Amino acid sequence: MPRGLTRFFTNLGWTVYVAAIVTWLLFPLALILLSSFQGTISITTDVTNLNLSAYEKIPDRYWNSLWFTIQISVVATVAALLVSVPAAWAMVRGKLAERRFLSNVVLLPDVVPHIILGIALLTLYMQVGLAKTWLGMLLAMLSLSLAMGLRFTEALLEGLPEEYELAAETMGANKLQALWLILMPLMAPGLATAALFIFISNMVTFELLFFISGPNASPIAVRLFSDIIDRGIMPHSVAMASIMIYISIAFYAIVALTLGPKYLAGSNVSRKG
Amino acid sequence: MTTASGKATADVAATAISALTRKRHLRREMLYRLCAMPAILVTVCITLVPMGLLLWLSLQDQREGGFSLRYYIATLTDSFFLRTLGTTLSIALGVTVVSIILAMPLAYLLARKTLLRNIIMPVISVPRMLPFVVVGYAMILLMAPVTGVLIQALNALGIVDGPLFFLFDWPGQAIAFGYSGIVVATAVLSGVLMSVDRQLEQAAVSMGASPLRAFGEITLPLAVPGIIAASALIFTTIITAYSVPVILNGRVPYMISIIIASNLLTLQQHHLAYAQAIIVTVIAISVTVAAQMVLARYGRRV
């Protein structure tokens, strides 16, 4: 009897604890969504008059920022993968003596705090006239994407045996054919995953871009931040924050459906800012 | 005679072949270096050069030019800066410890129960891919002094009377950091705990240990690398965070990043800001490197 009772209370304790943590993590986000549909920042429990007025009031500068963020995130992701795949191939297959050093150099942007790298880029950009420009933002994002891309592709290549390529070469393919016909198809699914993760972490980058952004080149995270400083919290900003939540949900839905939830555990993606 | 000349020919052929393979090997190495070159070049141009410039400028006098350590001396003797650095580090440390402790049982549960993991993991990961600003919005909606849902609920229940202002003080910032800290800690720790062999624990239990003791003496020590990695990640993220400290700021800045940004943007003391930025970088990188070194050592011992 006491044993049954103990087990009952243990299970009850676990349930309460898990429910409390999950509620704590999800309730604030639910508030954002609720507020965005009520069109006001003083939330009530009245759920009868949900409307889209806050979404309709989202000003053009928000949409421009979102579109701008998507553009540079996509370009930075593609460019990072184009550069990091050959680099990872050289580092994994090349067995160069200086491999560790080279790979640590590329991974450096991950170790330097984003805010500091942002300030450093501002000092450089002011000298060369890249501050507050599209290209400047893109390059900043690229340094980060490249570090992430190299980590993904290095791990990917280490998991693929070299024998496949060598076999193709033995059978008469030249190096380029072996890479294009054998290695690329093997890497493609992993590269797609990497692209997805790099893209979404580009979308949410804030500290790195804050100091080098300007009125005409303002990512959505910076726009939401400056608006809350200048004007306080507004219904249309809450609506845009909800859109960011939808993007995050869509990302995790894609990951969970295509790769399985086990990909979500672990530290392969650092969450900064 | 014929054997001697044959041997000579063979020698020549061997040297020719070895020269050829050496040449081929060198060409290969050249190709590999060429492939790695763009990535190195990009990183050098947009990370190493700016960081070097930052360091160089922090050692230059802003008005007169020329080498000067005055910005470092000014920063390290400024009691205001040091006090803020102290609060930053203590908030970061406290939040890291609390996040790890709160997330540990959940991570353990998710690592052991596949069904629960498949349901809960994607759901609680959502905050991980949000700009931190959005978390700030959420905290304001929840705990704003008058309109916050929590404050309204407490007022309705009669527990408190009138507005509560803790959100725009250090507790508010700590809560916001803890929010994302728990998310990161859960993800990292459950990944590590999944790789700990369950049978070790079952063996301990079958030999008479209580489940709690088995966890404490078998599983927890094996999860230490994950705890270190998660702590370093959370800690360095907090000491250099900028958005939440500004959004939830009161009259006194608690975070070092605010001082740096105001020196840079409003007070126009650029070089002072650069020196402070270098100091923060050194702290953040030391934490990361220390964590790596402990991990490497741990790996050797186990």
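Residues numbered from 1 in each chain as written. Chains lettered and ligands numbered in written order. Predicted model: local features only at pLDDT ≥ 70, side-chain atom pairs only at ≥ 80, totals over all residues.

Across its full length, chain B holds 13 helices and zero strands. Each helix and strand of chain B, placed in order from N terminus to C terminus, yields the pattern α-α-α-α-α-α-α-α-α-α-α-α-α. Overall size of chain B, expressed as C-alpha extent along the three principal axes, is 115 × 75 × 30 Å. The 302 residues of chain B split such that 40% are buried. A separation threshold of at least 6 residues defines the contact pool for chain B, and within that pool the share at least 24 residues apart is 71%. (Helix = DSSP H or I, 4+ residues; strand = E, 2+ residues; numbered from the N terminus. Buried ≥ 20, exposed ≤ 12 C-beta atoms within 10 Å, placed from the backbone. Contact = placed C-beta atoms within 7 Å.)

Each helix and strand counted, chain A has 11 helices and zero strands in total. On C-alpha atoms alone, chain A measures out to a radius of gyration of 23 Å, which is more than a quarter above the 19 Å that the 2.2 N^0.38 rule sets for 273 residues. Considering only C-alpha atoms, chain A reaches an extent of 70 × 70 × 30 Å along its principal axes. The 273 residues of chain A split such that 42% are buried. Long-range pairs, those at least 24 residues apart, make up 75% of the contacts in chain A between residues at least 6 apart in sequence. (Rg over C-alpha atoms; globule rule 2.2 N^0.38 Å.)

Residue and element names in this part refer to chain B. Taken domain by domain, chain B comprises domain 1 (1-58) and domain 2 (73-301). The gap between the C-alpha centroids of domain 1 and domain 2 is 46 Å. The partner domain 2 presents five residues to the four residues of domain 1 that form the contact. Class assignment of the residues belonging to the side of domain 1 that touches domain 2 gives a composition of three nonpolar, one polar and no charged. (Domains from an automatic or database assignment. Nonpolar A, V, L, I, M, F, W, Y, C, P; charged D, E, K, R; others polar.)

Residue and element names in this part refer to chain A. When the domains of chain A are assigned, the result is domain 1 (1-51) and domain 2 (60-264). Domain 1 and domain 2 are separated by 34 Å when their C-alpha centres are compared. Listed by partner, the interface residues are eight residues for domain 1 and seven residues for domain 2. A breakdown of the residues in the side of domain 1 that touches domain 2 according to their chemical character gives four nonpolar, four polar and no charged.

Here the focus is the interface of chain B and chain A. Tallying the contact residues gives 72 residues for chain B and 76 residues for chain A. Ranked by residue count, the leading element in the side of chain B that touches chain A is helix α1 (residues 2-58) of chain B, at 17 residues. Looking at the side of chain B that touches chain A residue by residue, the classes come out as 54 nonpolar, 15 polar and three charged.

Moving on to the nonpolar core. Ala138, Leu141 and Leu189 of chain B are the most contacted members of the largest nonpolar core, which has 156 residues in total. Leaving out residues up to four positions away in the same chain, Ala138 of chain B has contacts with Pro28, Leu29, Leu31 and Ile32 of chain A. (Core = buried A, V, L, I, M, F, W, Y, C linked by C-beta atoms within 7 Å.)

Taking 1.5 Å of rise per residue, 34 residues should cover 50 Å, and helix α3 (residues 79-112) of chain B covers 49 Å from first to last C-alpha, within 8% of that figure. In α3 of chain B, a bend of some 35° at Met104 of chain B exceeds every other bend along the element, and Pro105 of chain B, a proline, comes one to four places later. (Expected span 1.5 Å × (residues − 1). Bend = angle between axes of the 7 residues up to and from the residue.)

Further remarks concern the environment of Ile151 of chain B. Mapped onto the elements, Ile151 of chain B comes out in helix α6 (residues 149-156). Looking at Ile151 of chain B, the number of C-beta atoms within 10 Å reads 21, which means it is buried.

With that out of the way, let us pick up the packing of helix α1 (residues 2-38) of chain A against helix α5 (residues 132-143) of chain B. Between α1 of chain A and α5 of chain B, the shortest axis-to-axis distance is 8 Å and the interhelical angle comes to 85°. Relative to α5 of chain B, the element α1 of chain A is oriented roughly perpendicular. Facing Pro28, Leu29, Leu31, Ile32 and Ser35 of chain A of α1 of chain A, the residues of α5 of chain B in contact are Tyr137, Ala138, Met139, Leu141 and Leu142 of chain B. Split into classes, the residues belonging to the contact of α1 of chain A with α5 of chain B amount to nine nonpolar, one polar and no charged. (Axes fitted to C-alpha atoms, helices over the stretch in contact; angles between N-to-C directions. Parallel < 35°, antiparallel > 145°, perpendicular 65-115°, else oblique.)

Between two packed helices, both the angle of their axes relative to each other and the distance between the axes serve to describe the pair. All names here are of chain A. Close contact between helix α3 (residues 60-94) and helix α8 (residues 175-203) brings their axes to 9 Å; oriented N to C, the two are set at 140°. Comparing their axes, α8 and α3 come out oblique. The interaxial crossing formed by α3 with α8 has right-handed handedness. Contacts between α3 and α8 pair Thr69, Ser73, Val74, Ala76, Thr77, Ala80 and Leu81 from the former with Leu191, Ala194, Ala195, Ile198, Phe199, Asn202 and Met203 from the latter. (Left-handed = near helix turned anticlockwise from the far one by under 90°.)

This paragraph deals with the environment of Gln152 of chain B. All names here are of chain B. Topologically, Gln152 is positioned in helix α6. By C-beta crowding, Gln152 is classed as partly exposed, having 16 other C-beta atoms within 10 Å. Distance from Gln152 to Ala209, taken between C-alpha atoms, is 47 Å for residues 57 residues apart in sequence.

For the rest of this paragraph, the subject is the environment of Cys35 of chain B. Inspection of the secondary structure assignment puts Cys35 of chain B in helix α1. Exposure remark for Cys35 of chain B: the 19 C-beta atoms within 10 Å place this residue in the partly exposed category. Here the alpha-carbon distance between Cys35 of chain B and Ser231 of chain B, two residues 196 residues apart in the chain, equals 35 Å. Excluding its chain neighbours within four sequence positions, the residues that come into contact with Cys35 of chain B are Pro86, Ala87, Trp89 and Ala90 of chain A.

Let's shift gears to the confidence of the model for chain B. Taken residue by residue, chain B gives an average pLDDT of 83. The fraction at 70 or more is 97%. Reported confidences for the modelled complex are a pTM of 0.84 and an ipTM of 0.83. (pLDDT = per-residue confidence, 0-100.)

Now for the confidence of the model for chain A. Looking at chain A as a whole, the pLDDT averages 82, with 95% of positions reaching at least 70. α3 of chain A holds the highest mean pLDDT among the elements of chain A, 89, whereas helix α7 (residues 163-170) of chain A holds the lowest, 79.

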